[in-house]
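Topology and contacts: notes
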Amino acid sequence: MSAQAIDRFAATLPAETRASVYQSTKTTHEKRTRLLFDQFPDPDRLRTLAGEIKQHAIENLDTYLPQAEARLRANGAQVHWAGTAEAACAHVLRIMRERGATKMVKAKTMVSEEIELADYLGRHGMEALETDLGEFIIQIDHDHPSHIVRPIIHKNRREIATSFEREGLGAYNDDPATITRRARHHLRHKYLAADVGLTGANFLSAESGRIALVTNEGNSRFSVAATRCHIVLVGIEKIVPRDRDLGILLNLLGRSATAQDLTVYTEFISGPRDPAQPDGPEEMHVIFVDNGRTEVLAGECREILRCIRCGACLNVCPIYRQASGHAYRSVYPGPVGAVLSPLLLKENFPQKADLPKASSLCGACHEVCPVNIPIPDLLLRLRARAKEENVPSPGTPPMAPWALLASQPTAWRAALVAGRALNVLPTRLIPVPALQAWTASRELPAWRGGEFRRWLKARRRPAPPAAR
Ligand code: SF4
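Just so you know, the residues in each chain are numbered from 1, in the order the chain's sequence is written. With the structure being a predicted model, the display of local features is reserved for residues of pLDDT at least 70 and the display and counting of side-chain atom pairs for 80 or more, all residues being used for whole-chain, interface and lining totals. The side-chain values count all of the structure's non-hydrogen atoms but skip hydrogen atoms and water molecules.

1. Some points on unusual backbone geometry
Its identity is not glycine, yet E116 carries a phi of approximately 55 degrees, on the positive side. Strands here mean DSSP runs of E at least two residues long; helices mean DSSP runs of H or I at least four residues long; both are numbered from the N terminus. Relative to the assigned elements, E116 resides in the loop between helix 6 (110–114) and helix 7 (117–123). Even without being glycine, N372 reaches a positive phi, approximately 55 degrees. By the secondary structure assignment, N372 is in the loop between helix 18 (364–368) and helix 19 (375–388). N372 gets classed as partly exposed once you look at its relative accessible area, which sits at 22%. The cut-offs for exposure are 20% and 50% of the maximum accessible area for each residue type, with area from a 1.4 Å probe on protein chains only; residues under the lower value are buried, those over the upper are exposed, and the others partly exposed.

2. Some words on the sheet that holds strand 4 (residues 196–199)
Hydrogen bonds between backbone atoms are what pair the strands of a sheet, whose relative direction is either parallel or antiparallel. DSSP calls a pair of strands paired once it identifies at least 2 bridges connecting them. Read from one edge to the other, the open sheet built from 6 strands follows the order 1-10-7-4-2-3, with strand pairing classed as parallel. If you trace the sheet from one side to the other, it starts and ends with strand 1 (78–82) and strand 3 (127–130), each paired once. Mean inter-strand twist for the sheet, computed between neighbouring axes without regard to direction, equals 25 degrees. As paired strands, strand 7 (residues 229–235) and strand 10 (residues 283–289) are joined by 7 bridges and run parallel to one another. Here an angle of 0 to 180 degrees is reported between the N-to-C directions of two axes, which are lines fitted to C-alpha atoms, with helices fitted over the stretch in contact.

3. Some thoughts on the packing of helix 2 (residues 15–39) against helix 12 (residues 243–258)
At a minimum axis distance of 7 Å, the contact between helix 2 and helix 12 shows a crossing angle of 145 degrees. Packed against helix 2, whose contacting residues are T28, R32, L35, L36 and Q39, the element helix 12 presents L252, R255, S256, A257 and T258 at the interface. The residue classification treats Ala, Val, Leu, Ile, Met, Phe, Trp, Tyr, Cys and Pro as nonpolar and Asp, Glu, Lys and Arg as charged. All others, Gly included, are polar. Broken down by class, the residue content of the contact of helix 2 with helix 12 amounts to 4 nonpolar, 4 polar and 2 charged. Contacts are assigned to residue pairs that have any heavy atoms within 4.5 Å of one another.

4. A few points about helix 3 (residues 43–59)
Owing to its 3.6 residues per turn, the α-helix brings residues three or four apart onto one side. Over its 17 residues, helix 3 extends 24 Å from the first C-alpha to the last, a length consistent with the 24 Å expected when each residue adds 1.5 Å. Turning to helix 3, its buried residues number three or more, namely P43, L46, R47, A50, G51, I53, K54, Q55, A57 and I58. The inward-facing, buried residues of helix 3 abut helix 2, helix 4 (61–74), strand 8 (239–240), helix 12, helix 13 (293–298) and helix 18. Helices are assigned an expected span. That span is 1.5 Å times one less than the residue count.

See the structure below:
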């Protein structure tokens, strides 16, 4: 038996990367908790309310999507619908070609990662430049993001300085302020030369057609302000019914994602530039992307569509902290990815059906989720589905021997005694290959087998005398 894919990856993670992922996620999680509990008398009520708003929205998409489309059109935007990743990419390409555009600046959007837009545009002769600092570094390194909010959580500043030197952005200098200044200088020119700006939408209000965009670097603002055509890629689940819902969700998003009261730049955009306004894009195109979401909505894990991509569940997850993001083999890592990745694309289920098992089911992800998604329940539902569909699960320890032991008291007692040996034997001498593989990437906790039995025996009281 081999270890599961995520274990194999975790075993190869350099100690330095593991330490920095652990420290960074832990610090953000602790700050988030302090902030929420210091500032709100009952943050859990807020999470419940936010979850109800999102659940209501996704269950009534047939009402809110047409309403949003009508508002957007009334505001002067053009609306497009994309059932698949290919259709979404094709819409973007067509819009660019119709304008004779060849250069795009893009802000960070998870849905564009999901549909692999930048690669698609590159294959068709278009330049799509990432303007979020982390995504920019990922792009020049031909790497993949490893966190929803902090795509380069797995990189250190020395690696980044080396990449900048290689790309001609200045001699090696790993001072973070210098790195940031160089990136800013490089990107400023690109904004001014670009034909099209592409952003996502953190939320889209059906009531007003207003999109809410949050960044900490102001790059979405630049992408929109400096170009004449604004394309918005938005998953259909990003709809909220009313503008007032944004107040609750934005309050939770900043605190949950980066432990900030509010993200530094929060933009509300309702349509293209009004003739009376001095600048801004002349055209605005909103592309609603389904790409498997309707199927998720019809399935047993529809609650995952409430997700607002804050990354809080990654920060608190003991598996993510050990394995980091690339171990999940998807643009969506961590607990949210363990549910979303096997579901979002139908063909992903058999290949990624191991991800729901990459969880200790400790429940921490549910406790921090700002929209109260019961992630452990969803993981269990996916595990059950994998079993029903007989999806092979390489690396999963066989349970039959355990069941046999657990049902034979004498064999169980013997196994408890033998189990102590595992604490003292080096991994390579453990006589069972399956256990060797299992312990190669784990530390066994000190064996305490048998103590409960002793405790219970010592506690057993004599039966009361029979009544006369
Ligand atoms: S599942 Fe919840 S905690 Fe995780 S990214 Fe989505 S909203 Fe945030």
